[in-house]
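# Secondary and tertiary structure notes
Okay, here's what each chain looks like letter by letter:
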Amino acid sequence: MSMCCYVNELPVKRPQKKVSDSKRTTSDPMFPGYINNSQIIFGGRIMSSIDKLAYMTAKEHAEQEVVTLSAYILFHKPVYPNYNLVLKSSVNYVGKTSMEVGVRVEAENSITGDIYHANTAYLTMVAIDQDKKSVIVPELVTKTYDEIRRRKEARQRLKILKNL
Ligand SMILES: CC(C)(COP(=O)(O)OP(=O)(O)OC[C@H]1O[C@@H](n2cnc3c(N)ncnc32)[C@H](O)[C@@H]1OP(=O)(O)O)[C@@H](O)C(=O)NCCC(=O)NCCS
């Protein structure tokens, strides 16, 4: 346990949680009804899947209600109907009340199983209490090479985000 924050001028001991405690993978079939005029899956539909997974991931880490503060989503390649989205998420970085969740989205052909990288997303999620005020979340323990790299990269993104 380490000290970090003060609530009502009293120091707060923060619990620690590992990246693996909240890491998630989920699948979402893309039905033909989700296409836009270009006959590819509407970006907003994919963003909804990303946001839901980021919500579940951050809530699992925080053990409290969370809201989305910001989202950066890159559409590397289009997704076609009858593909499945395969979404993988993890908490990359934790501040005091905010968390960056990274989501990798792959598109999987539901017949052949062929798979390709479709999206990269980084979302800032903030834990809130019943009065919708931001509240402190557990610290993040990063151990593996990738976890430490993602944490460093998230810190860089946060600096840019705060200067916008
Ligand atoms: C998210 C929200 C509760 C934050 O409220 P707030 O008064 O700005 O709260 P705080 O000032 O305490 O900041 C909360 C955290 O967000 C971070 N933050 C605030 N503005 C930021 C910005 N522009 N960029 C990056 N981080 C930011 C703060 O640094 C803080 O993180 P930290 O505690 O880890 O350092 C509030 O902005 C809100 O309710 N937004 C609407 C959310 C929403 O409707 N989302 C869509 C539906 S889920």
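Here, every reference points to the structure presented above.
Structural notes, computed from the coordinates. (Residues numbered from 1 in each chain as written. Predicted model: local features only at pLDDT ≥ 70, side-chain atom pairs only at ≥ 80, totals over all residues.)

Moving on: the overall build of the chain. Looking only at helices and strands, the chain has 2 helices and 9 strands in total. Counting from the amino terminus, helix and strand elements in the chain follow one another as β-β-β-β-α-β-β-β-β-β-α. Overall size of the chain, expressed as C-alpha extent along the three principal axes, is 55 × 35 × 30 Å. For the chain, with 164 residues in total, the buried portion stands at 28%. Taking the intrachain contacts of the chain between residues at least 6 apart in sequence as the baseline, contacts between residues at least 24 apart amount to 72%. (Helix = DSSP H or I, 4+ residues; strand = E, 2+ residues; numbered from the N terminus. Buried ≥ 20, exposed ≤ 12 C-beta atoms within 10 Å, placed from the backbone. Contact = placed C-beta atoms within 7 Å.)

Count 3.6 residues to each turn of an α-helix, and residues three or four apart come out pointing the same way. Taking 1.5 Å of rise per residue, the 20 residues of helix 1 (residues 43–62) would be expected to cover 28 Å, and the 28 Å separating its terminal C-alpha atoms lies within 8% of that figure. Buried within helix 1 are the following residues: Ile46, Ser49, Ile50, Leu53, Ala54, Thr57, Ala58, His61 and Ala62. Those residues of helix 1 hidden inside the fold are in contact with strand 3 (16–18), strand 4 (24–29), strand 5 (65–75), strand 6 (83–94), strand 7 (98–109) and strand 8 (115–128). In the segment just after helix 1, Glu63 is the residue with positive phi, at about 55°. (Expected span 1.5 Å × (residues − 1).)

Further remarks concern the environment of Glu139. Counting through the fold element by element, Glu139 comes out in strand 9 (residues 139–141). Glu139 gets classed as partly exposed once you count the C-beta atoms within 10 Å, which come to 17. For Glu139 and Pro15, which are 124 residues apart along the polypeptide, the C-alpha to C-alpha distance reads 6.3 Å.

A word on the sheet that holds strand 4. With antiparallel pairing, 5 strands are arranged side by side in an open sheet as 4-6-7-8-5. Each of the sheet's edge strands pairs with one partner strand only, and the pair in question is strand 4 and strand 5. Within the sheet, the average angular offset between the axes of one strand and its neighbour, ignoring direction, is 25°. Sheet topology places strand 4 next to strand 6; 6 bridges connect them, and they run antiparallel. Bridge pairing in strand 6 places Thr26 opposite Leu87. In this fold helix 1 packs onto strand 4, strand 5, strand 6, strand 7 and strand 8, with an angle of close to 40° to the strand it touches most, strand 6. Contacts between helix 2 (residues 145–162) and the sheet are confined to strand 5, strand 6, strand 7 and strand 8, with strand 6 contributing the most and set at about 80° to the helix. (Pairing = 2+ DSSP bridges. Axes fitted to C-alpha atoms, helices over the stretch in contact; angles between N-to-C directions.)

So, on to the environment of Lys13. Position of Lys13 relative to the elements: it lies in strand 2 (residues 10–14). For Lys13 and Pro138, which are 125 residues apart along the polypeptide, the C-alpha to C-alpha distance reads 9.2 Å.

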